[in-house]
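Breakdown of the fold
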Amino acid sequence: MGLNGVLARAAVTRCHVFLAEALDGAAPRMAVERELARRGWVEALSPADADILCVCGEVPGGQADAIHRLWDQLPGPRARVSVEQTDDAGARLDGCVAELLDTAGQRRQEAERWVQPDDDDSDDGGMDHAAMDHGQMDHGQMDHGQMDMPMPGGIPLAGEGTDRDGLNLDVLKVPLGPYLSLWPAGLVLHCELQGDVVFGSAIDFPFGAPETGPAPGPDERASVIHHLDLASRLLRLAGAAASATRTRLIRDSALDGAALDQCRTELQSELARIRKNWLLRRTLRGVGHIPGGSGLPGLEGTDVWDRLVGMFETAAAGTAAATGTKAAAHTTGPRGAGDPAQKLPDLVRGQELSVVRLIVASFDLAPAARTAGVSG
């Protein structure tokens, strides 16, 4: 075995995996997360940090382009896998290990990946290079804000806009989603940024607007799993890694068929720890506050902290309906005016990107198919 083989074997002992969740991919995604934890692997927060792209759930044709863009962002050596059934997670990841260890195949893949097009076929965006060579281009008349000149990843160059203080600052348009770590499946939040502050946004469901909230009539186990899954992702985004790990372990126990009474006892103990975490409380208090008259029944007056606590309380109650907490309210049916997703543009305006992620994660924006997929 050569040096390359030795290094490859060392690398696959702790692979970094980026999870891209399709609209029906909650159950496969949870199965992959459990397999990653068992192996001691790492869930990557971005494609650039990943060795493996793992697509969870079935990807319709309309989503293929977004998956290809993610795949292009992975550095080599790299592997790609699709997990559509929960029982397939371990075997599919083993296949990725074999692919990563194939150093000759990886070299061929990289050689094909970086083949440059012929100069005659290159797209120069319509610029007149002859004029540039003779100094005839008037740079003072170039409108960079209107040029269709994308940066890596398809993000356009910054334009200009007026901020709230009346200053003319650069404006960068950045889409968040549809495939983003710890992000609701199928949601895209189109943000206009000045620095790292969102001053305008719009929501989109490019692959079709799913129904929101748990599926009609979810059983108790499905509700416990669903809400603990939401809570663990929010805790991880908030930097409470230990709490997130313990919450995910309780979720996995419920997935394994553990007695629900035991799961509730454990999650209530974890909720007690979280309530005593003054740093977490201080971080989340007042963030994403929903004022009265917002058109979100059951969520008015809550902030991210309230909604985090509500996730645990709803899980402890067993079903989404059996709760007295405002923060646990859900809507079921087509997304409409009473859906939290429709209020995101107002809630995230003036917030930094890190805060935007917390606000989004504090709502149950998961498609109804998720809960249906994990029941039983």
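Higher on the page you've got the structure.
First, a word on scope: everything that follows refers to the structure included in this document.

What counts and what doesn't
- Residues numbered from 1 in each chain as written.
- Predicted model: local features only at pLDDT ≥ 70, side-chain atom pairs only at ≥ 80, totals over all residues.
- Heavy atoms only, no water.
- Helix = DSSP H or I, 4+ residues; strand = E, 2+ residues; numbered from the N terminus.
- Buried < 20%, exposed > 50% of the residue type's maximum accessible area, 1.4 Å probe, protein only.
- Contact = heavy atoms within 4.5 Å.
- Areas by Shrake-Rupley, 256 points an atom, 1.4 Å probe, with all protein chains shown as cover.
- Phe/Tyr/Trp six-rings, centres within 6.5 Å; stacked < 30°, edge-to-face > 60°.
- Lys NZ or Arg CZ within 6 Å of the ring centre and 35° of its normal.
- Expected span 1.5 Å × (residues − 1).
- Polar contact = N/O pair within 3.5 Å; in protein donor to acceptor, adjacent residues only side chain to side chain.
- Core = buried A, V, L, I, M, F, W, Y, C linked by side-chain atoms within 4.5 Å.

All right, on to the overall build of the chain then. In terms of regular secondary structure, the chain is built from 14 helices and 10 strands. In the chain, buried positions account for 44% of the 376 residues. A fraction of 66% describes how many contacts in the chain between residues 6 or more apart in sequence connect residues 24 or more apart. Per element, the accessible surface of the chain, about 18,500 Å² overall, is 51% carbon and sulfur.

Inspection of the entire model under this criterion finds 0 aromatic pairs. Above the ring of Trp41, the side-chain terminus of Arg39 is found at 4.9 Å from the ring centroid.

This part covers unusual backbone geometry. The peptide bond linking Gly76 to Pro77 adopts the cis configuration, its omega dihedral lying at -5 degrees. Topologically, Pro77 is positioned in the loop between α3 (64-73) and β4 (79-83). Cis geometry marks the peptide bond from Gly177 to Pro178, where omega comes out at 0 degrees. Relative to the assigned elements, Pro178 resides in the loop between β6 (168-176) and β7 (188-194).

On to helix α7 (residues 220-237). With 18 residues, α7 should cover 26 Å at 1.5 Å per step; its first-to-last C-alpha distance of 26 Å lies within 8% of that length. When you tally the buried positions in α7, you get 15 out of 18 residues, the bulk of the element. Of the residues flanking the start of α7, the one acting as N-cap is Asp219, its side-chain oxygen 3.3 Å from the backbone nitrogen of Arg221. Just past α7, the residue Gly239 takes up positive phi, approximately 90 degrees.

What follows covers the nonpolar core. In terms of nonpolar packing, the biggest core is built from 54 residues, with Leu189, Leu308, Phe312, Leu344 and Ile359 touching the most fellow members. When residues no more than four places from it in sequence are discounted, the contact partners of Leu308 are Ala231, Leu234, Leu235, Ile274, Leu280 and Leu284. Counting 19 residues, the second largest nonpolar core, distinct from the first, contains Trp41, Cys54, Val83 and Cys96.

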